[in-house]
Amino acid sequence: MTPEELDIGWAPDLPSNRAMGIGIVGAGAIVNVGHLPAYRKAGFNIVGITDKNPEAARETTSKFDVPRVYDGIDDLLDDPAVEIVDIAVPAPFQPDIAVKAARSGRHLLCQKPLAEELPDAKRIVAAARDAGVQLAVNQQMRWDPGIRACKRMLEHGWLGEPTVATIDVSIMSDWSAWPWLVVSPRLDLMFHSIHYLDSMRFLFGMPDRLFCSGGQFPGQPEKAETRTTTVLEYDNGLTCLVRVNHWDWTWDQRAVFRFEGTEGLAHGTIGLLYNYPYGQPDTLRFTSKKLREGHWFDVEIDDMWIPDAFVGPMASLMCAIESGGRPETPGDDNLDTLRIVHAAYMSMEAHQTVVPAELARG
């Protein structure tokens, strides 16, 4: 049996109608390297872009043949061709934009984090609910090929009962494309490791407890944490470890994952983080006693986290609009990812274990 004969596909389900009009708020780095290359590849319909820097919006629309630059949010929302508002701005600015867009009757794809504070995130969720529109959060690592394939393996039972899961990232991060992050009072957990924590929740569910330790590199220009180690504990005995270091100056950098179970093991690399933003495709290898004991399966992967995984959240949102169902990363569900992030900050500050579920609900 070859990997091609196994059902481990990672491609997202696509809507039957790809012509839904998408208006993008923001023309920064992530829109240029993530959103627009992915949407163009998927054949989605981008009708226009607005940005607080009109020149950035003009450069981006020219680069990707987007037909219109909007003068601002109100101009974008006045365009009846815009059915979905894709918000790609720093987190502090997202809540007000999202609420306004929801009240205009537009469906929403919001960046992660949905908001830095839980009350603001809940305000976005409530606005979408009250307006009767769909809300998805761009937690696109769930569509990273390696992570998605491992989800399939878990669903098929090939790994058995999960026992240990690890995501280990040790790289040298250049924040120059996001200078506001350098002065942010929160950094890794809120804006980077949130992807890994959400992926662990995607794969294994909500942890019952967590402990987080974090720190900084001596003399770093960044204001906040650039090194974190988070342990997620589950009552069923599963232990997950997310270890991230953004100041690895050595030649031994890595971005790897390893998921172990009673029946199998999967491990691989997060290719994007090797020479970011250019990267390389993920690698994935797994073994399962349920398929062929003692045999390793090597899965050939051509896609990368950025830009390819960015198709997933938008496609899921479009499918939900068509079906009246829910996108895979809906806003109300994403509140649990934010609870994990905030629990990690609380643990890091108090040097003690925290129960994410105890953070305020409602």
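For every chain, the first residue of the written sequence is number 1, and numbering continues from 1 onward in sequence order. Residues qualify for local features only when their pLDDT is at least 70, as the model is predicted, and side-chain atom pairs are given and counted only at 80 or more; totals for whole chains, interfaces and linings, by contrast, use all residues. Derived side-chain values reflect all non-hydrogen atoms in the structure, with water molecules and hydrogen atoms excluded from consideration.

Peer 1: Describe the overall build of the protein chain, naming the residues involved and giving the relevant values.
Peer 2: Secondary structure elements follow DSSP: runs of H or I no shorter than four residues count as helices, runs of E no shorter than two count as strands, and numbering proceeds from the N terminus. Within the protein chain, the secondary structure is distributed over 10 helices and 13 strands. We compute the radius of gyration from the C-alpha atoms alone; for a globule the expected value is 2.2 Å times N to the 0.38, where N is the number of residues. Over its C-alpha trace the protein chain gives a radius of gyration of 20 Å, about what one expects of a compact globule, namely 21 Å for 362 residues. Dimensions along the principal axes, computed over C-alpha positions, put the protein chain at roughly 60 × 50 × 45 Å. Three exposure classes are used, based on accessible area relative to the maximum for each residue type with a 1.4 Å probe and protein chains only: buried under 20%, partly exposed in between, and exposed over 50%. Looking at the protein chain as a whole, 57% of its 362 residues are labelled buried. For the protein chain, the share of sequence-separated contacts (at least 6 apart) that also reach a separation of at least 24 residues comes to 70%. Calculation of accessible area relied on Shrake-Rupley with a 1.4 Å probe; when residues are assessed, cover is drawn exclusively from the protein chains displayed. Split by element, the accessible area of the protein chain, about 15,100 Å² in all, is 50% carbon and sulfur. Contacts between residues were defined by any pair of non-hydrogen atoms, one from each residue, lying within 4.5 Å.

Peer 1: Could you give an account of the sheet that holds strand β13 (residues 297–299), naming the residues involved and the relevant values?
Peer 2: Strand order in the open sheet formed by 8 strands is β7-β8-β9-β6-β10-β11-β12-β13, with mixed pairing between adjacent strands. Of all the strands in the sheet, the pair left with one neighbour each is β7 (209–215) and β13. In this sheet, adjacent strand axes meet at a mean angle of 10° when their direction is disregarded. In short, DSSP must find at least two bridges between two strands for them to pair. In terms of strand pairing, strand β8 (residues 227–233) meets strand β9 (residues 239–245) through 7 bridges, oriented antiparallel. Note that in β9 the partner of arginine 227 across the bridge is asparagine 245. For every element, the axis is a line fit to its C-alpha atoms; helices are fit only across the contacting stretch, and the angle between N-to-C directions ranges from 0 to 180 degrees. Contacts between helix α10 (residues 331–350) and the sheet are confined to β7 and β8, with β7 contributing the most and set at about 60° to the helix.

Peer 1: Provide a residue-level description of the nonpolar core, including the pertinent values.
Peer 2: To form a nonpolar core, buried Ala, Val, Leu, Ile, Met, Phe, Trp, Tyr and Cys residues must be joined to one another through side-chain atoms within 4.5 Å. The biggest cluster of nonpolar side chains holds 119 residues, and the ones touching the most others in it are Tyr196, Phe204, Phe259 and Ile270. The residues contacting tyrosine 196, other than those within four sequence positions of it, are Met141, Ile167, Val169, Val242, Val244, Ile270, Leu273 and Trp305.

Peer 1: Hey, could you go over the side chain of asparagine 32 for me, with residue numbers and the actual values?
Peer 2: Counting through the fold element by element, asparagine 32 comes out in helix α1 (residues 29–42). Of note is the side chain of asparagine 32, whose polar atom sits 2.9 Å from the backbone oxygen of glycine 28. Within polar-contact distance, the side chain of asparagine 32 engages the side chain of threonine 60 at 3.2 Å. Among residues more than four places away in sequence, those in contact with asparagine 32 are Ala27, Pro37, Thr60, Lys63 and Phe64. Think of a polar contact as two N or O atoms within 3.5 Å of one another; within protein, one of them needs to be a possible hydrogen donor and the other a possible acceptor, and neighboring residues in sequence only count if both atoms come from side chains.

Peer 1: Go over the pattern of salt bridges, please, and point to the residues and values.
Peer 2: Any Lys or Arg side-chain nitrogen found within 4 Å of a carboxyl oxygen on Asp or Glu counts as a salt bridge. For the structure on display, the rule yields 24 salt bridges. Residue arginine 68 pairs with aspartate 75 through a salt bridge whose shortest N-O separation is 3.1 Å. Across the pair aspartate 333 and arginine 201 runs a salt bridge whose closest N-O atoms are separated by 2.8 Å. Taken together, the residues span a long stretch of sequence, with aspartate 333 in helix α10 and arginine 201 in helix α8 (residues 188–204) at a distance of 132 residues. A network of salt bridges, in which partner residues are shared, links Arg142, Asp198, Arg201 and Asp333.

Peer 1: Residue-level account of the sheet that holds strand β1 (residues 21–25), with values.
Peer 2: Taken in spatial order, the 5 strands make up an open sheet running β2-β1-β3-β4-β5, and their pairing is parallel. Each of the sheet's edge strands pairs with one partner strand only, and the pair in question is β2 (45–50) and β5 (135–137). Between one strand axis and the next, the sheet turns through 20° on average, direction left out of account.

What is shown is where atoms sit, not what they do.
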